[in-house]
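Understanding the architecture of this molecule
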Amino acid sequence: MSRVVVVTGASGGIGRATVREFARRGDTLALVARGERGLEAAAEEVRGLGARALVVPTDVADADAVEAAVERIESELGPVDVWVNVAFTSVFARVDDIRPEEFRRVTEVSYLGYVYATMSILRRMKERDRGTIVHVGSALAYRGIPLQSAYCGAKHAIQGFHEAVRAELLHERSAVRVTMVQMPAVNTPQFSWVLSRLPQQAQPVPPIYQPEVAARAVVFAADHPRRREYWVGASTVGTLAANAVVPGLLDRYLGRTGFGSQQTGERKPDDQPSNLWEPADGPDGRDFGAHGAFDDRAHAHSPQQWVAQHYPLLTGAAAALVATGAAVARRRR
């Protein structure tokens, strides 16, 4: 059965790839973002896959605009079944090179945008006692790294918000579900349009995964939302495990390696756009699509993701084998 699915940040990157993944299943999509050029291109892709798309240009940092977007979506498409929060912006720079208004803007988009959207759709979902909200997070929701203080702060805040909302829903015995997907480094266009004050071109910290890996994880989480969260990529698992066991050692390691690993070694283009205040695909911009500039280095699959999604079955199978082996041993005695 076709569902009504809303994706924020739908014009590029993980959001764009997620839109395509839902469209392949025949779901009806509402596409939310600021950049209309990217939104229209995403809508064409959805229609090309045989699904319906509604373009809803919205700045998620504006609570009133988000509420109006939800009203329009449910009026034109019907009750929302799945809401996916992806939209974000950020600044690549040392803390002392970021202006207060820039920190505020990143927080308003990348954290409060999730809050405003969740508040608006959650009220409606709770009235119907059904629906799923998926927060797209990051390994950086647990582990801060240099040069991304604004982004890490927002992702940490989303993590706390997500946990609080989930606990409230459990207390109320609500059938509404909320889950979070913690992403690794992904080959998205953000490294070509996030405001950067680095001397060299910014890059994701390797290993890098394609946005389709992230999109498949989001769709799986939407289908199986009882889990508190999902971790995507072996690097995410390794980072979060190390942070839980030896966080101080990880601080020192990132202090040594975190600056170089986030820069390509090539000079940043002087004309690189920035989407902090205005969409990068504005009147003079272009559609950036889902992929960034690192296709030749990005992994199209994640074995860890398959294991993470199927571990209850694997655990059950292992338990069955152990039980069978024990029964056979008993018979032989």
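Residues numbered from 1 in each chain as written. Predicted model: local features only at pLDDT ≥ 70, side-chain atom pairs only at ≥ 80, totals over all residues. Heavy atoms only, no water.

A few points about the overall build of the protein
- Helix and strand counts for the protein stand at ten helices and 14 strands.
- For the protein, whose C-alpha radius of gyration is 21 Å, the value lies close to the compact-globule estimate of 20 Å for 333 residues.
- By principal-axis analysis of the C-alpha atoms, the protein measures approximately 80 × 55 × 40 Å.
- Buried positions account for 53% of the 333 residues belonging to the protein.
- Of the contacts formed within the protein by residues at least 6 apart in sequence, a portion of 76% connects residues at least 24 apart.
- Working note: accessible area of the protein is about 15,200 Å², and carbon and sulfur atoms make up 55% of it.
- Computing the positive centroid from 39 side-chain charges and the negative centroid from 37, the protein places the two 11 Å apart. (Helix = DSSP H or I, 4+ residues; strand = E, 2+ residues; numbered from the N terminus. Rg over C-alpha atoms; globule rule 2.2 N^0.38 Å. Buried < 20%, exposed > 50% of the residue type's maximum accessible area, 1.4 Å probe, protein only. Contact = heavy atoms within 4.5 Å. Areas by Shrake-Rupley, 256 points an atom, 1.4 Å probe, with all protein chains shown as cover. Lys, Arg positive; Asp, Glu negative; His and termini not counted. Charge placed at Lys NZ, Arg CZ, Asp CG, Glu CD.)

Remarks on the confidence of the model for the protein
- Of the residues in the protein, 93% have a pLDDT of 70 or more, and the chain-wide mean is 92.
- Note on residues 314-330: pLDDT is under 50 here. Beyond four places in sequence and across chains, it has two contacts. (pLDDT = per-residue confidence, 0-100.)

Some words on the environment of N187
- Relative to the elements of secondary structure, N187 occurs in the loop between β8 (185-186) and α6 (190-193).
- Once residues within four sequence positions are removed from consideration, N187 is found in contact with I208, Y209, Q210, P211, A290, H291, G292, A293, F294, D295 and A298.

Section: a nonpolar patch on the surface
- On the surface, a nonpolar cluster with roughly 290 Å² of combined accessible area is contributed by V245, V246 and L249.
- Its place among the elements puts V245 in helix α8 (residues 234-245). (Patch = residues over 30% accessible without salt bridge, like charges linked within 9 Å, V, L, I, M, F, W, Y side chains within 5 Å. Salt bridge = Lys/Arg side-chain N within 4 Å of Asp/Glu carboxyl O.)

Details of the pairing of strand β7 (residues 177-183)
- Of all seven residues in β7, seven are buried; the element is thus mostly enclosed.
- Taken together, strand β6 (residues 132-138), helix α5 (residues 149-171) and β7 constitute a β-α-β crossover, and its handedness is right-handed.
- One ladder, built from three bridges, connects β7 with strand β12 (residues 229-231); its direction is parallel. Paired with Q182 across the strands is W231, a residue of β12. (Right-handed = clockwise from strand over helix to strand, strands pointing away. Pairing = 2+ DSSP bridges.)

A look at the pattern of salt bridges
- Tallied over the entire structure, the rule returns 25 salt bridges.
- Notably, a salt bridge pairs R20 with E212, separated by 3.1 Å at the nearest N-O pair. Residue R20 is found in helix α1 (residues 13-24), and its partner E212 is found in helix α7 (residues 211-223); the two are separated by 192 residues along the sequence.
- Classification of R20 as buried rests on a relative accessible area of 15%.

A short note on the packing of aromatic side chains
- On inspection of all chains with the given rule, the structure shows six aromatic pairs.
- Ring geometry for F191 against F294: centres 6.1 Å apart, planes inclined by 85 degrees, an arrangement best described as edge-to-face. Here F294 lies in the loop between β13 (263-267) and β14 (298-299) and F191 lies in helix α6, a separation of 103 residues in the sequence.
- Judged by relative accessible area, which is 6%, F191 ranks as buried.
- On the basis of relative accessible area, F294 is assigned to the buried category, the value being 7%.
- Pairing F220 with Y230 gives two aromatic rings, centres 5.8 Å apart and planes at 85 degrees, and the pair type is edge-to-face. Here Y230 lies in strand β12 and F220 lies in helix α7, a separation of ten residues in the sequence. Across the pair, exposure class does not vary: F220 and Y230 are buried alike.
- Aromatic ring contacts, followed pair by pair, group F88, Y151 and W193 into a single cluster. (Phe/Tyr/Trp six-rings, centres within 6.5 Å; stacked < 30°, edge-to-face > 60°.)

Brief notes about the sheet that holds β8
- Judged by pairing direction, the sheet is parallel, and its three strands sit side by side in the order β8-β11-β14 without closing on themselves. The sheet terminates laterally at β8 and β14, the two strands that pair on one side only.
- Inspection of the sheet shows β8 paired to strand β11 (residues 208-209) by two bridges, in the parallel sense. Across the sheet, the residue bridging to V186 is Y209, located in β11.

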